[in-house]
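Chains, contacts and geometry: an overview
Read off the chains here:
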Amino acid sequence: MTLLSWRLAFLLATAAVPLINGRVTVSTQPAQTMNGIGASGAWWPNNLGQYPESVRSHVADLLFSQNHLGLSSYRYNLGGGGVWVGTPSRATETFFVSPGVYNWSADAGGVYFLRKAAQFRVPQLTLFVNSAPPAFTTNNRSCAGGIVDALIPDYAKYIADVVTHFKDEGVIFTHISPMNEPDSSFGTNDTPCGQEGMMVTPSQRPAVINALRSALDNAKLHTVQIISDETSSAQQLLSEMPTWLPAAAPSLGAFCHHQYSFPSDSLVEQIPAMVNELAPGKETWFSEICCFKAINSSLQHTDPAAPQTFGAGYQPGMVGALKLGNMLRQSFAVIGDVHFDWWTALSDGIGCDPVANVTCIMADNENGYNDGLMYYDNRFASNGNFAVYLTKRFHLVRHFTHFVRIGAKRLPVDDLPNNVQGLASKDSKGGSLILMNMSPNTIPVDLSGVTSLGMFHSAVQTTASADWETIRKAVDAVPGLSITTVLFQ
Ligand SMILES: *[C@@H]1O[C@H](CO)[C@@H](O)[C@H](O)[C@H]1NC(C)=O
Ligand SMILES: *[C@@H]1O[C@H](CO)[C@@H](O)[C@H](O)[C@H]1NC(C)=O
Ligand SMILES: *[C@@H]1O[C@H](CO)[C@@H](O)[C@H](O)[C@H]1NC(C)=O
Ligand SMILES: *[C@@H]1O[C@H](CO)[C@@H](O)[C@H](O)[C@H]1NC(C)=O
């Protein structure tokens, strides 16, 4: 029996449920409790730190204010000093001078935006590390090496000292990732690296996580949670998890994954199953992704739901935004993640010169990257162009930061029309149903069966021609390539 005839037989048998094509349903049975939507502060603060104060504070406002993006989470990159990193803008300064001696004047750009996030009361602040400072690595560099076993407790103490320092000035880190992408050292000792990175083998990972838990507890930082291990691809993560996760689980706040192999829904379904087996009860976070392009290049500019891979391709419009929307769907509805972080809030990977050609900023190109929510011109020092450019990705993420709130319960959505994706959540402020139309055509939607979210209130919509537009009348169709959040009270 095919699935369809099964369902028909079921419907005919029960007869209580009328068969209405495309009548969307939202379950009354909650799935996970949502816990934050964020983006990273790497490596753009190294550049933006040199911008005029008016621009820097405007950017902070765009990222953190409830009038704009209103991120509920922000990832601060604790720099490793950038030793042997060949890309100057990715060589983040370190506070570490020698054991117990710190230079708190270092990383002024990063600290500026961290303090802004705290001033705007962003509820979750994560401190993440790509590489420990050279004093703790096997090659005395900030990439191309690994963590030295004997120095793991000292490394943990250093992180706790940094967290304490910021706590004393009112910047409260809630989460720490002590090894971002520990599966790679990000280079060799022959040529300078493209970024910081530090190999931490699977068998070393419990030592790092448990030492950090002890160091945080010794510093009375009991509420600060450790999130790990942020392995780059789902396949590698699944193969290595059994080695390290059980021994680290008692010290772990949440399990974090990246997804740079852009795996299928059926593959990522294994993640929650394996976490449940190896670390029962731990929540999962999707803590970094960017840089997608369609595997089939003829679908790159038209189909946001087509399978993606890692690579160049700058897409500031709705297709580039909805590709991220598709990942948010996979994260929340398939994996059951409670938290999602986009890679970098701002990027210089525009792939064209917006001073030479003012229109190129809003056009797709093959040279830039889908790695920012906003972009800036890395020629700023010579051409004085301090403009920042918003993409449709910025507006799409705004739907999630505002309407998938910390503490809201996700409610599974069913019976969506083809090419429309839906995510629903509900808290004491109301219910929301995010609808993303992945096709270029308007698609009718019947929301008359959606009762579990409350009474229709209004909707907010982003399309190719409108950003965050309020709609007061009932939604009965969604425009091609759009995101619409229907709000209920
Ligand atoms: C501290 O860092 C600042 C900013 O990089 C630098 O100018 C200064 O020389 C550093 N001080 C020490 C003692 O390393
Ligand atoms: C790293 O520095 C330490 C301390 O100066 C030194 O003992 C060690 O030999 C160095 N390691 C390498 C690989 O250069
Ligand atoms: C790529 O997409 C185009 C357009 O849908 C299709 O005709 C072609 O067969 C696809 N190529 C591959 C290798 O799947
Ligand atoms: C400017 O950029 C647009 C969009 O990429 C492109 O179509 C146009 O040819 C460019 N103009 C020049 C003069 O290069």
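Residues numbered from 1 in each chain as written. Chains lettered and ligands numbered in written order. Predicted model: local features only at pLDDT ≥ 70, side-chain atom pairs only at ≥ 80, totals over all residues. Heavy atoms only, no water.

An unreviewed UniProt entry lists the protein under the name Glycoside hydrolase, with Rickenella mellea as the source organism.

**What to know about the overall build of the protein**
Within the protein one finds twelve helices and 27 strands. Taking 2.2 N^0.38 as the reference for a compact globule, 489 residues should give roughly 23 Å; the C-alpha atoms of the protein span a radius of gyration of 23 Å, in line with that estimate. Seen along its three principal axes, the alpha-carbon backbone of the protein occupies a region of about 75 × 55 × 40 Å. Considering the protein as a whole, with its 489 residues, one finds that 58% of them fall into the buried category. In the protein, of all internal contacts separated by at least 6 residues, the share reaching a separation of at least 24 is 73%. When the accessible surface of the protein is split by element, carbon and sulfur atoms take 54% of a total near 19,000 Å². Of the charged side chains in the protein, 29 are positive and 38 negative; the average position of the first set lies 7 Å away from that of the second. (Helix = DSSP H or I, 4+ residues; strand = E, 2+ residues; numbered from the N terminus. Rg over C-alpha atoms; globule rule 2.2 N^0.38 Å. Buried < 20%, exposed > 50% of the residue type's maximum accessible area, 1.4 Å probe, protein only. Contact = heavy atoms within 4.5 Å. Areas by Shrake-Rupley, 256 points an atom, 1.4 Å probe, with all protein chains shown as cover. Lys, Arg positive; Asp, Glu negative; His and termini not counted. Charge placed at Lys NZ, Arg CZ, Asp CG, Glu CD.)

**Some thoughts on the sheet that holds strand β27 (residues 482-488)**
If you walk across this open sheet you meet the six strands as β19-β21-β22-β27-β24-β25, and the pairing is antiparallel. A strand with exactly one partner marks an edge of an open sheet, and here the two such strands are β19 (409-411) and β25 (469-471). Averaged over all pairs of adjacent strands, the angle between their axes in this sheet comes to 25°, without regard to strand direction. Along the sheet, helix α10 (residues 318-335) makes contact with β19, β21 (420-427), β22 (430-437), β24 (456-462) and β27, crossing β21 at roughly 55°. Taken strand by strand, helix α12 (residues 392-403) contacts β21, β22, β24 and β27, and its axis lies near 20° from that of β27. (Pairing = 2+ DSSP bridges. Axes fitted to C-alpha atoms, helices over the stretch in contact; angles between N-to-C directions.)

**Things to note about helix α6 (residues 205-218)**
For α6, built from 14 residues, the straight-helix expectation of 20 Å at 1.5 Å per residue is met to within 8% by its first-to-last C-alpha distance of 20 Å. Looking at α6, one finds that the buried residues are Arg 205, Pro 206, Val 208, Ile 209, Ala 211, Leu 212, Arg 213, Ala 215 and Leu 216. Each element contacted by the buried residues of α6 is listed here: α5 (152-168), β8 (175-177), β10 (225-231) and α7 (234-248). Positive phi shows up at Lys 220, right after α6, with a value of about 60°. (Expected span 1.5 Å × (residues − 1).)

**Some details on the site of ligand 4**
Neighbouring residues of ligand 4: Asn 357, Thr 359, Cys 360 and Ala 363. Between ligand 4 and Asn 357 there is a distance of 2.3 Å, counted from an oxygen atom to a side-chain nitrogen or oxygen. Its free accessible area being 360 Å², ligand 4 has 31% of it covered by the protein chains. Class assignment for the residues of the shell around ligand 4 results in two nonpolar, two polar and no charged. (Near = heavy atom within 4 Å. Polar contact = N/O pair within 3.5 Å; in protein donor to acceptor, adjacent residues only side chain to side chain. Nonpolar A, V, L, I, M, F, W, Y, C, P; charged D, E, K, R; others polar.)

**Quick notes on the sheet that holds strand β11 (residues 254-258)**
Spatially, eight strands are ordered β2-β3-β6-β8-β10-β11-β12-β15 in a closed barrel, and the strand pairing comes out parallel. Each adjacent strand pair in this sheet contributes to an overall mean axis angle of 25°, direction not counted. One ladder, built from two bridges, connects β8 with β10; its direction is parallel. Following the sheet pairing, Ile 176 is matched in β10 by Ile 226.

**Brief notes about the site of ligand 1**
Contacts to ligand 1 come from Glu 93, Asn 103, Ser 105 and Ala 106. In the model, an oxygen atom of ligand 1 is placed 2.9 Å from a nitrogen or oxygen of the Glu 93 side chain. Within the contact set of ligand 1, an oxygen atom lies 2.3 Å away from a side-chain nitrogen or oxygen of Asn 103. Here ligand 1 has 360 Å² of accessible area as a free molecule, and 35% of this is covered by the chains. Here the residues of the shell around ligand 1 sort into one nonpolar, two polar and one charged.

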